[in-house]
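Overview (structure and organization)
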Amino acid sequence: MLALFWPAVAIATALALAYGRASLRTATATCGGLLLLYTLFADGSFAVKFLDWLLFGAAAAALNIDSFRIERLSARAMKLFAKLLPAMSPTERTALDAGTVWWDGELFSGRPRWHRLLGIRNPELSPAEQEFLDGPVEKFCRMLDEWEITHELADLPAKAWSFLKDNKFFGMIIPESYGGLGFSAVAHSAVLARIGSSPAGMTASSIVAVPNSLGPAELLLKYGTAAQKDYFLPRLAVGQEIPCFALTSPYAGSDAGAIPDKAVICRGEWEGEQVIGMRLTWDKRYITLAPVATVLGLAVRMYDPEHLLGMQDDIGITCCLIPTSIPGVQIGRRHLALNAPFMNGPTRGKDVFVPLDMIIGGPAMAGQGWRMLMECLAVGRAISLPSGSSGTINGLTRLTGAYARVRKQFGMPIGQFEGVQEALARIAGRCYATNAMRVMTAGAVDLGEKPSVPSAIAKHLCTSLMQQSCIDAMDVTGGKGVMLGPKNWAGRAYQGAPISITVEGANILTRSMIIFGQGAIRCHPYALREMTAVADDDLMAFDQALFKHIGHSLAAASGSLLLGISGSRIANAPNSGPARRQFQRVARYSANLALLADLCMASLGGALKFRESLSARLGDVLSQLYMVSAALKHFEESGRPAEDLPLLDWVCATAFHKIEIAMDGVLRNLPARPLAWLARGLIFPLGRRAAPPSDATVGRLAALVQEPGSTRDRLTAICCTKFSTQSPMGLLENALAKVLETEGLERRLNKAARDGQLLTLHPGVRIDEAEQLAILSHDEARLLRETWQAVEKVIAVDDFSSAELAHISSRPKRATARRAPRRKAAGGNTAELA
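Here goes a summary of the coordinates provided. Counting starts from 1 at the beginning of each chain's written sequence and moves along it residue by residue. For a predicted model such as this one, the threshold for reporting local features is a pLDDT of at least 70, and the threshold for listing and counting side-chain atom pairs is 80 or more; totals across whole chains, interfaces and linings nevertheless cover every residue. Hydrogens and water molecules were not included; the side-chain quantities draw on all heavy atoms of the structure.

**Some details on the pairing of strand S4 (residues 295–303)**
The buried count for S4 comes to seven of nine residues, which makes it a mostly enclosed element. Judged from the three bridges that link them, strand S2 (residues 262–270) and S4 form a sheet pairing that is parallel. The residue of S4 that forms the bridge with Val264 is Tyr303. Two strands qualify as a pair provided DSSP detects at least 2 bridges between them. Strands are runs of DSSP state E lasting at least 2 residues, helices are runs of H or I lasting at least 4, and numbering of each runs from the N terminus. Taken together, the nine bridges between S4 and strand S5 (residues 314–323) define a ladder with antiparallel strand orientation. Of the residues in S5, the one forming a bridge with Met302 is Gly316. Each residue is assigned to one of three classes by its accessible area relative to the maximum for its type, calculated with a 1.4 Å probe on protein chains only: buried under 20%, partly exposed between the two thresholds, exposed over 50%.

Below is the structure:
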């Protein structure tokens, strides 16, 4: 045993130094001191101890003498890096330079500093913002009838369009000095979430989101000339101008850097004068608000063959602002996105000549379009789709939970069946998680961040979780959700869920290419510094970054091992509250991510960007850590309510289980097998331990969304609830209250049936029979009849005659002539879709 003492001490010292992130000089001095103790007190020959000192001295000198280390070690490493690193295109460089590194950087560090996240509370709504949310937003939601919008108008009603303009919904991000509302990002997010929770929320939130997201208003605010701002912003704020932004080309798709649409600098005539301008040709599709736009934001590639602006032939991507009234601009036709008839369609133009002052920011911003788009997308993607998707989940949580309590099968509410409870728990847990992500990510924007990686995570997770919640809601509602009609509140959300998955960067590419692809370089503490040093041939900078990177990797490796063995219990937590263990486990998985990222980058080099499955799994780890961080922050800022702890436990257990699955997938598929075996021992020293949520937790969440109360209200606080009693929400809330009120009477009725006193199976007739037999009093029977009538309205589905179905199918052709003029004045030409 004594022979193992000194090796054990050496290993423990090395782990402690690495875990503590000791500096090179501190580590050298500590190792030297340990070697001295070994020399003085350990048994062994003089020759062995002398050899140990020679090896230690050589290593210490090589690492601590700067000139030797830089010239002999770092210079060679730099040459190797230059061979391994992939070539970086200008568009990739711009994407990496856009935005800022925020909490995502902490998660990549291997040791997140929780005080940085918890020390800054999410911004709260101002009185004016709260008044707008509770006033105009609620009123707008009550105007929406999903069946009317999707099957009769193929558009919002005229009064809704007017209401949006009159109340400056399109000017939320425009400052008050330009006539807008000047809302914070959190308020902007709250408005979209509440609209998303309403009937036809997917259609309506899209229409409201686009003018306040990536588009002319945001680009003008950041890059526009004073004249452009003074003219357009006040008009955009009040809906006098309807904007859209045309980026996607049929040929480039998600590869926006490859758009073939062009602007050629030339001379031409404009308003009777010869000027230097640009001749534009474009073919765009999937452009929201394009059919009704009055001003078209347009991304094109600019060329200057005559060198009228400079010596470059290919100037680069440029953003322009084109009035749609100019001859040659084609708009008006519409796409129909899975029966969510928001204004979306193609736009085209051929040889459209305009002056150079229609470049956003003027001629000085020619060629800067890609940078502009990347910087704005980091903000817009953080709000629009995460907010609308979160709102949809809020609505589904409230509606599906109530339905599961009201609807009965086999003599009991379907929400008591464990299979249904699993679906209800998933919906409730996702609601909690997306609420937290929505607020935290929008809050980062209000703090001045441009969170490009967190915005990609929020968009991917919120839209994916929304789609999964729609599937679960359809499974719970069964036939009720399948039969389309005015009474169906689940079908359209289910049908339209892929829309959010597809737009603003398809989720498949976001997951497999963007989240880790950008995160590994942007968020890693040293990778980008090393790449920049190699590109700049700066050996000194490379040396500093390289050895800090080595220390970071050693810290991640030791942290992974020690936290794995201890079950994360030695990790720091920001407090000793009920979520302490969850904070500690995030620290462990953060260290695991740091280690895995370094191993993948070291073993694959530039080839890692082409190993999309590995990148996707690493991105999953980062995404789940971000979601849990948001949930923990939300729990802490809510005052740690004990009633919400099952929600937090569900989110964390689900995320940690997925993280271990993703890391296992990386280790199974990493080509460098010895490295994978080593990493597995460090990351899972006791094997995979994370388990999905327990049945008890699932049951608590399912009960939570089926019972009115403060927890259910707090969970769905953003949900639009002020509807008429005849709306789906109103009918369900009324039926839920009555079912709970008469629960005791119904138990008595069911007992009488089991005892053979009642022979009728029909619920309504059974009440009459029970009253006749004096099992129920007159007043009790009346209360049960009212409950049954309320439930009957909830479970009812629509049916149509063949003639009515034919009318619905052919309505676009027959109703157009009568309705088109009114709708065109409100929103646009719906002739072919109405």
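**A word on unusual backbone geometry**
The backbone of Asn339 sits at a positive phi, close to 65°, despite the residue not being glycine. Its place among the elements puts Asn339 in the loop between S5 and strand S6 (344–355). Residue class for Asn339 comes out partly exposed when judged on its relative accessible area of 26%. A positive phi angle, near 55°, is found at Asp537, a position not held by glycine.

**Brief notes about the packing of helix H26 (residues 645–669) against helix H27 (residues 673–683)**
Their axes nearest at 8 Å, the elements H26 and H27 cross at an angle of 150°. Classified by the interaxial angle, the pair formed by H26 and H27 is roughly antiparallel. Residue-level inspection shows Met663, Asp664, Leu667, Arg668 and Asn669 of H26 in contact with H27, the latter providing Arg673, Ala676, Ala679, Arg680 and Ile683. Polar here means any residue outside two lists: the nonpolar Ala, Val, Leu, Ile, Met, Phe, Trp, Tyr, Cys and Pro, and the charged Asp, Glu, Lys and Arg; Gly therefore counts as polar. Partitioning the contact of H26 with H27 into residue classes produces five nonpolar, one polar and four charged. Axis lines are fitted through C-alpha atoms, for helices just across the contact stretch, and the angle between N-to-C directions can take any value from 0 to 180 degrees. In this scheme, roughly parallel covers angles under 35 degrees and roughly antiparallel covers those over 145, while 65 to 115 is roughly perpendicular and the rest are oblique. Residue contacts are counted whenever heavy atoms from the two residues lie within 4.5 Å of one another.

**Things to note about the layout of surface pockets**
Think of a ball as big as a water molecule: rolled over the atoms, this probe shows where empty space is left. In the cavity and pocket records, a cavity denotes points on a 1 Å grid over the protein atoms alone where a 1.4 Å probe fits but cannot get out, a pocket denotes an open set with protein on both sides within 12 Å along at least 5 of 7 lines, and lining residues are residues with an atom within 4 Å of a point. Grid points are joined across faces, edges and corners, and a volume is the space filled by probe spheres set on the points. Here the second largest pocket defines a volume of roughly 950 Å³. Residue lining of the second largest pocket: 30 residues in total, with Ala22, Ser23, Leu24, Ala27 and Gly551 positioned closest to the centre. Those elements that provide at least two residues to the lining of the second largest pocket are helix H1 (2–19), helix H2 (24–41), helix H3 (46–64), helix H4 (66–84) and helix H23 (539–565). Here the lining of the second largest pocket is composed, by residue class, of 17 nonpolar, seven polar and six charged.

**Description of the pattern of salt bridges**
Whenever a carboxyl oxygen of Asp or Glu lies within 4 Å of a side-chain nitrogen of Lys or Arg, that contact is scored as a salt bridge. In the structure shown here, the tally under the stated rule is 33 salt bridges. In this structure, Asp261 engages Lys284 in a salt bridge whose closest nitrogen and oxygen atoms are separated by 2.8 Å. Of this pair, Asp261 sits in the loop between strand S1 (243–246) and S2 while Lys284 sits in strand S3 (residues 273–288); the two residues are 23 residues apart in sequence, bridging distant segments of the chain. Here the two residues Asp261 and Lys284 agree in accessibility, since each one is buried. The salt bridge partner of Lys751 is Asp755, with a shortest N-O separation of 2.9 Å. One connected set of salt bridges, linked through shared partners, spans Arg398, Arg712, Asp713 and Glu733.

**Some points on the packing of helix H24 (residues 580–604) against H27**
Axis separation between H24 and H27 bottoms out at 11 Å; the angle between their running directions is 170°. Classed by the angle they form, the pair H24 and H27 counts as roughly antiparallel. In this structure, H24 contributes Arg588, Asn592, Leu595, Leu596, Leu599 and Ser603 to the contact, and H27 contributes Leu675, Ala679, Leu682 and Ile683. Considering only residue class, the contact of H24 with H27 consists of seven nonpolar, two polar and one charged.

**Quick word on the nonpolar core**
Only buried Ala, Val, Leu, Ile, Met, Phe, Trp, Tyr and Cys residues count toward a nonpolar core, and they belong to the same one when joined by side-chain atoms within 4.5 Å. With 183 residues, the main nonpolar core has Phe140, Leu156, Phe169, Met278, Leu280 and Ile322 as its most contacted residues. Top contributing element to this core by residue count: helix H17 (residues 418–446), with 15 residues. One finds Leu220, Met365, Met372 and Met374 within the second-largest nonpolar core, a separate group that totals 27 residues.

**Description of helix H21 (residues 507–522)**
Structural remark: α-helix, 3.6 residues per turn; residues separated by three or four positions point the same way. In the structure, H21 departs most strongly from a straight axis at Ile514, where the bend amounts to approximately 30°. Along H21, the residues that are buried comprise Asn507, Thr510, Ser512, Ile515, Phe516, Gln518, Gly519, Ala520, Ile521 and Arg522. One fitted axis covers the seven residues ending at a residue, a second covers the seven starting there, and the bend at that residue is the angle between these axes.

**Here's the deal with the side chain of Asp543**
Mapped onto the fold, Asp543 is located in helix H23. Pairing of N or O atoms within 3.5 Å defines a polar contact, subject to two protein rules: one partner must be a possible hydrogen donor and the other a possible acceptor, and residues neighboring in sequence count only if both atoms are side-chain atoms. A polar contact of 2.8 Å, which involves the side chain of Asp543, links it to the side chain of Arg69. Apart from residues no more than four positions distant in its own chain, Asp543 is found in contact with Arg69, Ile70 and Ser74.

Interpretation in functional terms is not warranted from these geometric data alone.
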